[in-house]
Amino acid sequence: MKFGVVVFPGSNCDRDMQDALQNDLGKEVIMLWHKDEDISMFSTDDCIVLPGGFSYGDYLRCGAIARFSPMMQSVIDFANKGGKVLGVCNGFQILCESHLLPGVLLQNGHQQFACKNVFIKADNSQALKIPIAHGDGRYYAGEKVLDELETNNQILFRYCNELGVVDMKYNPNGAVRNIAGIRNKQGNVFGMMPHPERATSKLLNNMDGKKIFEILGLN
Amino acid sequence: MTFNVQIKVMPLKDLLDPQGKAVLGGLKNLGITSIEDVRVGKHITLQIEAATENEAKAIAEEASKKLLANPIMEFYEIEMIN
């Protein structure tokens, strides 16, 4: 499996993602410029990553303008053909604005930019320590959509404490139902606010990000 | 003909608006204490070239629906200026 990492104007986690995938996970990585549209070097077994940052200055709404870049048209086609797509932080916001994932990311409920380690867990995983860094990470969708996400097992990660207890107390942004990450119904598009690429190296004293890539089947 | 159109985009009434809350805190700090709630939205102006006012309104409607507002979190109101 090889990876493509899209670089938008204002992306700032693109090199971190490249470094983590190449050096910590040993993957082939091709950087993809937002103005290009050729992704013919990827098959649907590969994965395109939309990294964190502030694409197009977060103008209008986070991710709203990035959705129209030439590369995103190719990524949307790729996702609709079953290709794997992972959006982290701003990448998650772009996936929601592109309608590849349901819902939206609102400004954090406590009005502050949150930059710290938090714990998240998948349904059958232990608590994993992963950094967050966002001002607009409060996942929101209508009740009907949320119930659908639950029924189809589309909620990938929820905020919890170090013991894996999921509770609003451990939720860093006010996201509904403690949602930190979701996938689409087909299971090939993943979005999450925490940054697994910042936790894949012994040097950073945290390897839990590697487990996130494993859970997503991107290892 | 050119039509001037104003679009008001506001966070949905049920949703917490942290920006509005922060501004409310600021107003209280200034001693303006009788304001009970603040909500902050966007004001967008468009100049639209169209044959009739109805056509201009339809264009503004499409722009609002497809990009200017996100219906999951916002509602919009369109006002024709001339």
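Residues numbered from 1 in each chain as written. Chains lettered and ligands numbered in written order. Predicted model: local features only at pLDDT ≥ 70, side-chain atom pairs only at ≥ 80, totals over all residues. Heavy atoms only, no water.

A.B. asks: Lay out the overall build of chain A with the relevant residues and their values.
C.D. replies: Counting its secondary structure elements, chain A contains 5 helices and 11 strands. Its C-alpha atoms give chain A a radius of gyration of 16 Å, near enough to 17 Å, the size a compact globule of 219 residues would have. In terms of overall dimensions, chain A has a C-alpha envelope of 45 × 40 × 30 Å along the principal axes. In chain A, the share of contacts with a sequence separation of at least 24, taken over all contacts with a separation of at least 6, comes to 72%. By element, 47% of the accessible surface of chain A is carried by carbon and sulfur atoms, the whole surface being about 9100 Å². (Helix = DSSP H or I, 4+ residues; strand = E, 2+ residues; numbered from the N terminus. Rg over C-alpha atoms; globule rule 2.2 N^0.38 Å. Contact = heavy atoms within 4.5 Å. Areas by Shrake-Rupley, 256 points an atom, 1.4 Å probe, with all protein chains shown as cover.)

A.B. asks: Residue-level account of the interface of chain A and chain B, with values.
C.D. replies: Facing 15 residues of chain A, the contacting portion of chain B comprises 16 residues. Of the roughly 1300 Å² buried at the junction of chain A and chain B (both faces included), carbon and sulfur atoms supply 63%. Inspection of the chain A/chain B interface yields 1 salt bridge. At the boundary of chain A with chain B, the tally comes to 7 residue pairs in polar contact (both at pLDDT 80 or more). Listing elements by their share of the side of chain A that touches chain B, those giving two or more residues are strand 5 (104-106) and strand 8 (138-140) of chain A. (Buried area = accessible area lost by both parts, 1.4 Å probe. Salt bridge = Lys/Arg side-chain N within 4 Å of Asp/Glu carboxyl O. Polar contact = N/O pair within 3.5 Å; in protein donor to acceptor, adjacent residues only side chain to side chain.)

A.B. asks: Break down the nonpolar core for me, citing the residues and quoting the values.
C.D. replies: Across soluble globular proteins, nonpolar side chains show a tendency to be buried alongside one another. Grouped together as the largest cluster of nonpolar side chains are 61 residues, with contacts concentrated most on L21, L86, I120, Y139, F157 and L216 of chain A. The dominant element in this core, judged by the number of residues it contributes, is helix 2 (residues 70-80) of chain A, at 6 residues. Residues V9, A69, I78 and M80 of chain B belong to the second largest nonpolar core, which totals 13 residues. (Core = buried A, V, L, I, M, F, W, Y, C linked by side-chain atoms within 4.5 Å. Buried < 20%, exposed > 50% of the residue type's maximum accessible area, 1.4 Å probe, protein only.)

A.B. asks: Any chance you could break down the sheet that holds strand 1 (residues 2-11) of chain B for me, citing the residues and the numbers?
C.D. replies: Residues and elements named next belong to chain B. If you trace the 3 strands from one edge of the open sheet to the other, you get 2-1-3, paired in antiparallel fashion. Each edge of the open sheet carries a strand with a single partner, namely strand 2 (42-49) and strand 3 (74-80). In this sheet, neighbouring strand axes are inclined to one another by 25 degrees on average, regardless of whether the strands run parallel or antiparallel. Pairing of strand 1 with strand 2, which is carried by 8 bridges, proceeds in the antiparallel orientation. Residue pairing in the sheet places I7 in a bridge with I44 of strand 2. Against the sheet, helix 2 (residues 53-68) touches strand 1, strand 2 and strand 3, its axis set at about 160 degrees to strand 3. (Pairing = 2+ DSSP bridges. Axes fitted to C-alpha atoms, helices over the stretch in contact; angles between N-to-C directions.)

A.B. asks: Quick one: what's the story with the side chain of N206 of chain A, residue by residue and with numbers?
C.D. replies: All names here are of chain A. Relative to the helices and strands, N206 is located in the loop between strand 11 (189-192) and helix 5 (208-215). Given the relative accessible area of 8%, N206 is considered buried. In this structure the side chain of N206 is engaged in a polar contact, spanning 2.9 Å, whose partner is the backbone oxygen of K129. Contact partners of N206, with chain neighbours within four places excluded, come to N117, K129, A199, T200 and S201.

A.B. asks: Before we move on, could you go through unusual backbone geometry and cite the residues and values that matter?
C.D. replies: As a rule of thumb, non-glycine residues mostly have phi less than zero, and peptide bonds are mostly trans rather than cis. Residue and element names in this part refer to chain A. Located in the positive-phi region is D58, a residue other than glycine, with phi close to 55 degrees. Within the secondary structure, D58 is located in the loop between strand 3 (47-50) and helix 2. The backbone phi angle of R177 is positive, close to 50 degrees, even though this residue is not glycine. Its relative accessible area of 25% is what places R177 among the partly exposed residues.

A.B. asks: I'd like to hear about helix 2 of chain B, residue by residue, with values.
C.D. replies: An α-helical turn contains 3.6 residues, so a residue and the one three or four places further along point in the same direction. Residue and element names in this part refer to chain B. The end-to-end C-alpha distance of helix 2 is 20 Å, clearly below the 22 Å that 16 residues give at a rise of 1.5 Å each. Inspection of helix 2 places A56, A60, S64 and L68 among the buried residues, and these make up the whole buried set. Buried residues of helix 2, seen end-on, are gathered within an arc of 75 degrees and therefore sit on one face of the element. Across from the buried face of helix 2, at angles greater than 90 degrees, the exposed residues are N54, K65 and K66. In this structure, the buried residues of helix 2 make contact with strand 1, strand 2 and strand 3. (Expected span 1.5 Å × (residues − 1). Arc of directions from axis to C-beta.)

A.B. asks: Give me the lowdown on the pairing of strand 11 of chain A, citing residues and values where you can.
C.D. replies: Residue and element names in this part refer to chain A. Burial along strand 11 is two-sided: the residues V189 and G191 and F190 and M192 are all buried. One ladder, built from 4 bridges, connects strand 4 (residues 84-88) with strand 11; its direction is parallel. Bridge assignment links G87 to a residue of strand 11, and that residue is G191. In terms of strand pairing, strand 10 (residues 179-183) meets strand 11 through 3 bridges, oriented antiparallel. What sits directly across from G181, in strand 11, is M192. The antiparallel pairing of strand 10 with strand 11 creates a hairpin that spans 5 residues between the two strands, and G187 there sits at a positive phi of about 85 degrees.

A.B. asks: Explain the environment of P172 of chain A to me, using residue names and the numbers behind them.
C.D. replies: All names here are of chain A. Within the fold, P172 resides in the loop between strand 9 (155-160) and strand 10. Sequence separation between P172 and H134 is 38 residues, and the spatial gap between their C-alpha atoms is 9.9 Å. If we ignore the near neighbours within four places in the chain, the residues touching P172 are H110, A114, K116, V118, I132 and Y159.

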